[in-house]
Amino acid sequence: MKIVLLLLTVIAKSSQLDLADCGNGIRRPELTDISVVCGTSTISLAIIMCPVLYTGYNESRLILNGIWDPECRATLDESVDPPVARFVFPLNMTNACGSIFRTTSAPGTGIFSDFSNIQTVNVSGIVQSNDPTIGTVTYNAELKYYYSCAYPLEYLINNTQIDVSSSSIAIKDKNGSFISTLTMELFSDVNYQTKLVIPEEGIELRTQVYVEVKATNLTGQYYVLLDRCYASISPLPDNSTFFNLLVPCSKDDFTTIIMNGESQSARFNFPAFRFTDQRELMVSTFYLHCITRLCEKSTCDTFKQCNINRRRREVVGTPADDISQTYTLTSSEIVTQGEKADLKERPVVVKEKEGSTVGLSVAVAVLAVGCIVAFGAAVVFYKRLRN
């Protein structure tokens, strides 16, 4: 029995930190004692423990948003220097350990200047100390650690890759992102199973191109909504002639939207075309760009309504040139076939049906015989005149 008690004592000791372990780290708490990682599916907090001990608390007395649920409690991490108390909770409105979700809107700037309703979701909360003192007074200061994560809901996705299997980019910024990767892939079939491969000479005009924009590691309450997709001659979405495939409330007549704002992927298709600026080239080359919004399931339909006050560009023009705050995918180009070189040097030969060809031959033969008869008659007439 004594051995068991001794073992329990050792275990309890190894999971606790006291001031003797802090050394030079004994000091008053500071605002910089908390660090925040705004992850794609979770938010992680780390609070330096020695100032907490100095104030009279341990990790079990740090309470997240007043929630006593064991899944929302701190764990002590002594593997780092200095030791920290860690909180990790899901980025989900239903069980984010009491975090407050607030959505704000602001006019778009830069590449988003066409949209007057750009959204950001702010997730915030507080870690407070729980004083165990029973009595009229306490000598322990109250600790408060605030955290906040801002998640933008608009992204610019550039896909210029057709002849490889896939392409993706990690989306990271100083605040946070709901997604770790956004991908745009092109397919050659309506079932989105076969990747589209572009031959060196390009694909034929009117070849159907199937496009999928997909978010991975996206928290469950958000869907992918394509706000605008367009093609441009330049691989960069600025300073280039472009053509809108779909914009808010409208689309090109040849573009078919299959799924948009209904799941964590969006799909549409369009027939391959060429830019008239490239009419003299052997092939036409263009690139796809999509401005992608993440919307809550309950609000996606709202953003697809035409009464939302959002500005729109004309079908052809030049997009904004400020893209410093956007995220892009860049790879190879979409190539469509142009005029063949030999067609520019030789006249077009029109093939007739077999019957028409025979008729033409007979007509030519009759005409030749007539010419011979006429020539013979002219010779006879000439000889008579001389006699």
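Positions within a chain are numbered from 1, following the residues in the order the chain's sequence is written. Where local features are concerned, this predicted model is filtered to residues with pLDDT of at least 70; where side-chain atom pairs are given and counted, the filter is 80 or more; whole-chain, interface and lining totals use all residues. As a rule here, side-chain values come from all non-hydrogen atoms in the structure, and water together with hydrogens is ignored.

Glancing now at the pattern of salt bridges. Pairing between side chains of opposite charge can happen when their charged atoms approach one another. Here, a salt bridge means any Lys or Arg side-chain nitrogen found within 4 Å of an Asp or Glu carboxyl oxygen. Enumeration according to the criterion identifies six salt bridges in this entry. Across the salt bridge formed by K195 and E185, the nearest N and O atoms sit 3.6 Å from each other. On the criterion of sequence distance, the pair formed by K195 in the loop between β11 (181-187) and β12 (208-216) and E185 in strand β11 is long-range, its members being ten residues apart. Summary of the burial criterion: residues with accessible area below 20% of their type's maximum are buried, those above 50% are exposed, and those between are partly exposed, where the area comes from a 1.4 Å probe applied to protein chains only. Owing to a relative accessible area of 15%, E185 belongs among the buried residues under this scheme. Within this structure, R27, E30 and D33 form a network of salt bridges that share partners. Under the DSSP-based scheme used, a helix requires at least four consecutive residues in state H or I and a strand at least two consecutive residues in state E, with every element numbered from the N terminus.

A few words on the packing of aromatic side chains. Between rings of Phe, Tyr and Trp, where Trp is taken as its six-membered ring, a pair exists when centres lie within 6.5 Å; planes separated by under 30 degrees are stacked, by over 60 edge-to-face, and by other angles tilted. This structure, assessed with the given rule, holds ten aromatic pairs. The interplanar angle of 65 degrees and the centroid separation of 5.5 Å between the aromatic rings of Y230 and F242 together place this pair among those described as edge-to-face. Highlighted residues: Y230 in strand β13 (residues 222-232) and F242 in strand β14 (residues 242-247), separated in sequence by twelve residues. In this pair, the class of Y230 matches that of F242, namely buried.

A strand pair is defined by DSSP finding two or more bridges across the two strands. A sheet is described by the order of its strands in space; here four strands give the open sequence β1-β2-β5-β4, paired in antiparallel fashion. Each edge of the open sheet carries a strand with a single partner, namely β1 (34-38) and β4 (75-77). The average undirected angle you get between the axes of adjacent strands in this sheet is 25 degrees. To define axes, lines are fitted to C-alpha atoms, for helices over the stretch in contact only, and angles between the resulting N-to-C directions are given on a 0 to 180 degree scale.

A separate point is the confidence of the model for the protein chain. pLDDT expresses how confident the predictor is about each individual residue, on a scale running from 0 to 100. Per-residue confidence for the protein chain averages 73 on the pLDDT scale, and 66% of its residues sit at or above 70. In the model of the protein chain, helix α1 (residues 2-14) stands out as the element of lowest mean pLDDT, 33, in contrast to strand β3 (residues 62-64), which has the highest, 95. In this description, contact between two residues means that some pair of their heavy atoms is separated by no more than 4.5 Å. Note on residues 1-15: pLDDT is under 50 here. Beyond four places in sequence and across chains, it has five contacts. Across residues 159-174 the pLDDT falls below 50, and counting only partners more than four positions away or on other chains, this stretch makes 56 contacts in the model.

The next subject is the state of the cysteines. Note on disulfides: each one is a pair of cysteine sulfur atoms within 2.5 Å. According to the stated counting rule, one finds five disulfides in the structure shown. C229 shares a disulfide with C290; S-S distance 2.0 Å. Between C229 and C290, the disulfide has an S-S torsion of 115 degrees and is therefore right-handed. Here C229 is found in strand β13, whereas its partner C290 is found in strand β18 (residues 283-296), with 61 residues between them in sequence. Residue C290 is classed as buried on the basis of its relative accessible area of 0%. Two residues, C295 and C300, share a disulfide whose sulfurs are 1.9 Å apart. Judged by the torsion about the S-S bond (95 degrees), the C295/C300 disulfide is right-handed. Take C295 and C300: they sit in the same class, and that class is buried. If the cysteines joined by disulfides in the protein chain are listed in sequence order, their pairing comes out as 1-3, 2-6, 4-5, 7-8, 9-10.

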